[in-house]
Amino acid sequence: MLKINLKDLRILSLSLIFIVGTINIALAKKNEIPKMPAYQYPIEEINATNANHWKWMKAFYKNEISQPLFLNETVEQATLRAAHVKPSAKKLAYLDMELITFPHFGMSTFSGHGQGTGKEDPRKFNPVAFDAKEWVKFHKAIGAKMIVFVAKHHDGYTLWPSKLNDYNVRNSPWRDGKGDMIKEIADACKEGGLKLGLYISLWDEHDPRCDRPRKGADKMTPEQRKAYQDYVEQQLMETLIPYGEISELWFDGAGTNGAEDWNRIFEIIHHFQPKSLVAMCGFGVRWCGNESAVGDAVNWNVLPMLPELRTQSWVPYHFGQLISKKLPTVTDNVENLKGQDLFFIPQEGDLALLKKGWHWDGEGEPRSLEILVNTYYASIGSGANLIVSPAPDPTGVFNKQQLDRMVELRQWITNSFSTNLFKDAKITLTGGSANYKASNLFIEGNKKPYITKNQSKSLVLTAEFNGEQTFNNLLIQEYINEGQRISAFKLEAWKNGAWKVVTEGRTVGHKRILPFSEITSDKIRFSVTEARDMPALSYIGLFKALPYREKAKVYTEADYQPALADKPNLKQGLAWSYYEDANNGFLPYQEIFTYLNTTKVKPVATGLDPNPMKVVNSILKTQKRKEHFTLRFEGYFRAPAQAVYTFQAGANNGCRIYVDEKSVIENDASSGLPTGIKIADVPLQAGLHKITVLYYFGTTGQPKLNFVVEWPGNAGGDGFGWNSYQRLLPLLWSEASN
Ligand code: FUL
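Residues numbered from 1 in each chain as written. Predicted model: local features only at pLDDT ≥ 70, side-chain atom pairs only at ≥ 80, totals over all residues. Heavy atoms only, no water.

Trainee: For this particular structure, what's the right way to read the overall build of the chain?
Mentor: Scanning the chain from N- to C-terminus turns up 16 helices and 29 strands. Counting the 738 residues in the chain, one finds 58% classified as buried. Within the chain, residue pairs in contact and separated by at least 24 positions form 78% of the contacts whose partners lie at least 6 positions apart. (Helix = DSSP H or I, 4+ residues; strand = E, 2+ residues; numbered from the N terminus. Buried < 20%, exposed > 50% of the residue type's maximum accessible area, 1.4 Å probe, protein only. Contact = heavy atoms within 4.5 Å.)

As structure tokens, this is what we get:
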């Protein structure tokens, strides 16, 4: 007879539980579509209304949102509150990463023309040399800290073996259809100490459920909408559940017109990946508003949750748009923060590494070092993060040119910012504690900030060098753990017995780097001149950065373009003309400027304004279609002295600069993509020179024009876009009568 004692019974029942559990897990694994478990959020109920969504978002972000303490908050109260809005630990860690990538790989790589259409045969996908460990090595070599892997682009092909349709790696020869690229990358990232993020396009041209919204979300039946929503939500769960931590989730917002149920999407993300920062369409990371990675000149991380967020039905999509369009000016004016819920949201700038776009283009030619360095200043150097898209070739490998160029950039950064001249100087600090050890400020990653005391908003660092030193870059990091505060600062050098301003700026935030023409001096003074509350510094450095451009040509007297005769009655600013839908239709992008230059097209509006971006923004307010328009700015540039003037320009989606009617910059993006920044040296005699700036916006991203001129005596350049244009303004004149 079988004798079972108590101990055996326990073992038996434990084994049974184990077996049943294993069967359950196996069944769950077989389960075609992941299910969302019941809510576990700190609110009772949620339905599709935005009011509830708003409540729910606030509950989730409760530790990140600052609400006004007083009804009718005053400007002073709002300023102080804004100065104390802290980044969450994950946002701080994110900002410390600085350089991240989003490799654009997938069916588009195999399409033969840069961007897939959703019609390509899934069997084309066969990256025979793909090795995730090599990808990690690439990232280590270039100093990037996170891969935001493009696991699905607009073509709809998924690089994980989705069970939701057949358009994915399961139906490819790669790894005999058994591969999972997210998994291989996730494992390699874990092993190599890199963070992992995902870019998932919600629009997908392959699956009719997902392509429908592009033609108009309002034209969808409730059933179609539901089918689309279910599909994207299930895809999300497929990617958010099995691969460990996904630190950033990128939704670019293209092609869906907000047909998705963002409330639900956010629930899913916050449930399965509560640590994930949702970029572009979310509350984690905000877009810089252009695809040239140009961050805001005045870059406040603390922003109001706009009232629109409470009423728009497709909030997050709009959110990305609103942030970049309105907030830089909104947040600089504290009036606009009054009475608002505030939160801390860092900025990210995106740039295609290849000259021709996001995906492999058959050639793989990267942008120049010159452009990358300028982008570095404009993004990381403005307190934002930089996300670049290296594009693997169809074998799954980053070509040598991309690696070499990014390594060149990394070396330029390392070499330029390694010898901090403050280290060997005699330092005097005022504003904070007398016992503070100044040398802390010269240690990268310093966690002992220098904070002013007794409510002092002014902080001064004076450095006396041992003899004269030559330098051309100032790098500052604010201690933002407790909030972002500095709103104006300057650097002065002691020259001929007096302090001379070398450079000045507004916000600092995570990092601010200001380049300027070389200065030689034995004494220098950095001062915070304005702050929202007591400022705190964590790092400051003075450097002689290496030149990143080929040595300028030596010009002879004959090279200097003669000035035009002076004209009385000029008005400050440039005359602008605005053209809508030139030629009453959509000209091929590259032809638009030629068309404007050769045909008598009539502008829709004209005016005179010193600031092109202000014009663009005010026009956008009145415009029906926010796409396909052109602006022409015309007038004179008054060169203060005979010198070589460096013009820089980049735009969403293209621009041209003419000086004295000669084309100096042609920066036309191919197929409506954003451009990088192009640079041209123009030797000019002192006096008036005709200047024309043409700007074109197609459909991609936010309209943005960056136009900068650098000249001797104007260190670092000045212009519209990422620098303030105050110093350029007095040099721009026009004959316009209005
Ligand atoms: C855009 C997309 O349409 C591009 O293809 C690219 O992925 C870029 C980063 O975002 O909106």
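Trainee: Any chance you could explain the packing of helix α13 (residues 369-378) against helix α14 (residues 400-416) here in plain terms?
Mentor: What describes two packed helices is the angle between their axes and the distance between those same axes. The geometry of α13 relative to α14 is characterised by a closest axis approach of 10 Å and an angle of 50° between their N-to-C directions. Relative to α14, the element α13 lies oblique. The crossing of α13 and α14 is right-handed. Seen from α13, the contacting residues are Leu369, Leu372, Val373, Tyr376 and Tyr377; seen from α14, they are Arg405, Met406, Glu408, Leu409, Trp412 and Ile413. Broken down by class, the residue content of the contact of α13 with α14 amounts to nine nonpolar, no polar and two charged. (Axes fitted to C-alpha atoms, helices over the stretch in contact; angles between N-to-C directions. Parallel < 35°, antiparallel > 145°, perpendicular 65-115°, else oblique. Left-handed = near helix turned anticlockwise from the far one by under 90°. Nonpolar A, V, L, I, M, F, W, Y, C, P; charged D, E, K, R; others polar.)

Trainee: Any chance you could explain the pairing of strand β25 (residues 678-684) here in plain terms?
Mentor: On a regular strand, each side chain points to the face opposite its neighbour's, so the side chains alternate between the two faces of the sheet. With five of its seven residues buried, β25 lies for the most part within the structure. In this structure, strand β22 (residues 643-652) lies alongside β25, joined through seven bridges in antiparallel fashion. Counted as the bridge partner of Val644 is Pro683 from β25. (Pairing = 2+ DSSP bridges.)

Trainee: What is the right way to look at the site of the ligand in this model?
Mentor: Surveying the vicinity of the ligand reveals the residues Phe102, His104, Gln115, His153, His154, Tyr199, Trp250, Asp252, Glu291, Asp350 and Trp358. Between the ligand and His104, the relevant distance is 2.7 Å, taken from an oxygen atom to a side-chain nitrogen or oxygen of the residue. The side chain of Asp252 places a nitrogen or oxygen atom 2.9 Å from an oxygen atom of the ligand. In isolation the ligand offers 290 Å² of accessible surface; the protein chains occlude 87% of this area. Considered class by class, the residues forming the shell around the ligand number four nonpolar, four polar and three charged. (Near = heavy atom within 4 Å. Polar contact = N/O pair within 3.5 Å; in protein donor to acceptor, adjacent residues only side chain to side chain. Areas by Shrake-Rupley, 256 points an atom, 1.4 Å probe, with all protein chains shown as cover.)

Trainee: What is the right way to look at the environment of Leu732 in this model?
Mentor: Tracing the backbone shows Leu732 in strand β29 (residues 732-734). Sequence separation between Leu732 and Lys690 is 42 residues; the distance between their C-alpha atoms is 9.8 Å.

Trainee: How should the nonpolar core be read in this particular structure?
Mentor: Note on soluble globular proteins: their nonpolar side chains tend to be buried together. Judged by nonpolar contacts, the single largest core of 83 residues is most densely connected at Phe125, Phe149, Met181, Ile185, Phe251 and Phe417. Residues lining this core come from more than one domain, with at least three contributed by each of domain 1 (52-416) and domain 2 (421-543). Excluding anything up to four places from it in sequence, Ile185 contacts Phe130, Ala132, Trp135, Ile147, Phe149 and Leu196. In terms of nonpolar packing, the next biggest core, distinct from the first, is built from 34 residues, Leu631, Val659, Ala680 and Leu684 among them. (Core = buried A, V, L, I, M, F, W, Y, C linked by side-chain atoms within 4.5 Å. Domains from an automatic or database assignment.)

Trainee: What is the right way to read the packing of aromatic side chains from this model?
Mentor: Both the distance between ring centres and the angle between the ring planes are used here to describe each pair of aromatic rings. Within the structure shown, the criterion is met by 35 aromatic pairs. With centroids separated by 5.8 Å and ring planes inclined at 65°, the aromatic side chains of Phe637 and Phe647 adopt a geometry described as edge-to-face. Here Phe637, found in strand β21 (residues 629-639), pairs with Phe647, found in strand β22; they are ten residues apart in sequence, far enough to count as distant. Under the relative-accessibility criterion, Phe637 is labelled buried at 1%. Relative accessible area serves as the criterion here: at 0%, Phe647 is assigned to the buried category. These aromatic residues form a ring-pair network of at least three members: Phe105, Phe110, Phe125, Phe130, Trp135, Phe138, Phe149, Tyr157, Tyr167, Trp174 and Phe398. When the ring centre of Trp494 is taken as reference, the NZ or CZ atom of Lys523 above it lies at 4.5 Å. The lysine or arginine in question, Arg532, covers the ring of Trp300, its NZ or CZ lying 3.4 Å from the ring centre. (Phe/Tyr/Trp six-rings, centres within 6.5 Å; stacked < 30°, edge-to-face > 60°. Lys NZ or Arg CZ within 6 Å of the ring centre and 35° of its normal.)

Trainee: I would appreciate a short explanation of the confidence of the model for the chain in the present structure.
Mentor: Parts of the prediction with low pLDDT should not have their coordinates interpreted in detail. When pLDDT is averaged across the chain, the result is 84; 80% of the residues are at 70 or more. For residues 16-34, every residue scores under 50 in pLDDT, and the model assigns this stretch eight contacts once sequence neighbours within four places are set aside. (pLDDT = per-residue confidence, 0-100.)

Trainee: What exactly am I supposed to notice about the pairing of strand β15 (residues 498-505) here?
Mentor: In the sheet, strand β14 (residues 486-495) pairs with β15 via seven bridges, with the strands oriented antiparallel. Looking across to β15, one finds that Trp494 is bridged to Trp499.

Trainee: Please explain the pattern of salt bridges as it appears in this structure.
Mentor: Proximity of charged atoms lets side chains of opposite charge pair with each other. Counted under the stated rule, the structure contains 31 salt bridges. The closest approach of N and O atoms between Lys183 and Asp187, which form a salt bridge, is 2.7 Å. Remark: Asp187 and Lys183 occur in helix α7 (residues 181-192); sequence separation between them is four residues, near one turn of the helix. Overall, the relative accessible area of 41% leaves Lys183 in the partly exposed class. Judged by its relative accessible area of 34%, Asp187 is partly exposed. Of the charged contacts in the structure, one is a salt bridge between Arg264 and Glu233, with a shortest N-O distance of 3.3 Å. On the criterion of sequence distance, the pair formed by Arg264 in helix α10 (residues 262-272) and Glu233 in helix α9 (residues 222-240) is long-range, its members being 31 residues apart. (Salt bridge = Lys/Arg side-chain N within 4 Å of Asp/Glu carboxyl O.)

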